[in-house]
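Working through the structure, step by step
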Amino acid sequence: MVKLNGKKRLKVSVFISGRGTNLKSLINFSKTKNSQISINLVISNKKNAKGLFFAKKNKIKYLVINYKNKKNAENRILVELKKYNIDFICLAGFMKILSKKIISKYKNKILNIHPSLLPKYKGLDTHKRVILNKEKFTGCTVHIVTSKLDSGKIILQRKIKILKNDSEKSLSKRLLKIENQIYPRAVRKFAIANL
Ligand code: GRF
C-alpha cells in the first residue's frame, strides 16, 4: 500500500510476455486521479517483449526474468515482489504457468485476463476454437488465478457477437479493445474490495 495525494493505493505488479496492450490500459488507469492502484513493477519473461516499452515510457521499474529454470525464476520473482511490497499481481498476456508456490503465497491476489467466456474455452487458441465450433458469442474474462488453469472466481466478463465473416484475426482485434476496457474496470472493482 502506498499513499498518493492523501489517498491509499494498492501496489501492483503486471506480468507480461508480449505486446502489452493490457499493460498499457492498466498503466493509464493507474495514472488517473482517483485510481486505487499504482503500478510499481513490470515483470517480463521475454527480453524483447514489446510491452516493456510502456514500462520504460512511464518510468516504471521493470525486470526481465529468464525462465530457463522455472524454480529459480519464480524464487527471484518472489524476492522482487516482496522488495516492492506488491499487494497484488495482474497477469496480462503472461505465457508462463505460475507454480503452486507463488499462487499460494499470493492467494486470491493474482488476476488474469482470458480471451473467452470462461468457463468455456480455457487454454490457448480460443478465437480459432470458437470459430471452428460456430459459436454465436465469445468474450473475455478477468478472473482470480488458482492452481487450476483459467478456473478461478470471475471478477468481470464481457460478451460480444461473432460476426458471419469473422476470422481469428478480426475477432481477436475486436475483442482486444474490449479486454483493454474491462481489465482496468475489474482491477478497480478488485482493489476497492481489497483496500
Ligand atoms: C490477451 O488477448 C489476453 O487475453 C491474453 O493474452 C493477450 C495479451 O495481449 N491472456 P496484450 O499483450 O495485453 O496486448
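Note: the structure precedes this text.
What counts, and at which threshold
- Residues numbered from 1 in each chain as written.
- Predicted model: local features only at pLDDT ≥ 70, side-chain atom pairs only at ≥ 80, totals over all residues.
- Heavy atoms only, no water.
- Helix = DSSP H or I, 4+ residues; strand = E, 2+ residues; numbered from the N terminus.
- Buried < 20%, exposed > 50% of the residue type's maximum accessible area, 1.4 Å probe, protein only.
- Right-handed = clockwise from strand over helix to strand, strands pointing away.
- Pairing = 2+ DSSP bridges.
- Phe/Tyr/Trp six-rings, centres within 6.5 Å; stacked < 30°, edge-to-face > 60°.
- Core = buried A, V, L, I, M, F, W, Y, C linked by side-chain atoms within 4.5 Å.
- Contact = heavy atoms within 4.5 Å.
- Near = heavy atom within 4 Å.
- Polar contact = N/O pair within 3.5 Å; in protein donor to acceptor, adjacent residues only side chain to side chain.
- Areas by Shrake-Rupley, 256 points an atom, 1.4 Å probe, with all protein chains shown as cover.
- 1 Å grid on protein atoms, 1.4 Å probe; cavity = no way out; pocket = protein on both sides within 12 Å on 5 of 7 lines; lining within 4 Å.
- Sits in = over half its atoms within 2 Å of the grid points.
- Nonpolar A, V, L, I, M, F, W, Y, C, P; charged D, E, K, R; others polar.

Once that is clear, we can look at unusual backbone geometry. With an omega of 10°, the peptide bond running from Leu118 to Pro119 counts as cis. Note that Pro119 resides in the loop between strand E6 (110–114) and helix H5 (126–132). Positioned with a positive phi, Tyr121 is a non-glycine residue whose angle comes to about 55°. The topology assignment puts Tyr121 in the loop between E6 and H5.

This part is about the pairing of E6. Across the five residues that make up E6, a large majority, five, are buried. Burial along E6 is two-sided: the face carrying Ile110, Asn112 and His114 and the face carrying Leu111 and Ile113 are both buried. Tracing the backbone out of strand E5 (residues 88–91), into helix H4 (residues 100–105) and back to the parallel element E6 gives a crossover that is right-handed. With four bridges connecting them, E6 and strand E7 (residues 137–144) associate as antiparallel partners. Within E7, the residue paired with Leu111 across the bridge is Ile144.

Next up on the list: the packing of aromatic side chains. All chains considered together, the criterion is met by four aromatic pairs. Look at Phe15 and Phe94: their rings are 5.3 Å apart centre to centre, the planes differ by 70°, and that puts the pair in the edge-to-face class. With Phe15 in strand E2 (residues 7–16) and Phe94 in the loop between E5 and H4, the pair connects residues that are 79 residues apart, well separated along the chain. Note on accessibility: Phe15 and Phe94 belong to one class, buried. Considering the side-chain rings of Phe53 and Phe54, the 5.4 Å spacing of their centres and the 70° angle between planes classify their relative orientation as edge-to-face. On the basis of relative accessibility, which here comes to 47%, the residue Phe53 falls in the partly exposed class. Within the aromatic cluster, the residues linked to one another by ring pairs are Phe15, Tyr67 and Phe94.

So, on to the nonpolar core. Judged by nonpolar contacts, the single largest core of 38 residues is most densely connected at Val14, Ile39, Phe88, Leu111, Tyr183 and Val187. Non-local contacts of Tyr183, meaning those with residues more than four positions away in its chain, are made with Asn22, Leu26, Cys90, Leu91, Ala92, Leu111, Asn112, Ile113 and Val142. Counting 21 residues, the second largest nonpolar core, distinct from the first, contains Ile65, Ile77, Leu91 and Val145.

Let us look at the site of the ligand. The immediate surroundings of the ligand are formed by Arg19, Gly20, Thr21, Asn22, Gly93, Ile113, His114, Pro115 and Glu179. A distance of 2.7 Å is found between an oxygen atom of the ligand and a side-chain nitrogen or oxygen belonging to Glu179. Look at the ligand: alone it shows 370 Å² of surface, and the protein chains cover 85% of it. Given that more than half its atoms are within 2 Å of the pocket grid, the ligand belongs to the largest pocket. Secondary-structure elements contributing two or more residues to the shell around the ligand are helix H1 (21–30) and E6. The class makeup of the residues in the shell around the ligand is two nonpolar, five polar and two charged.

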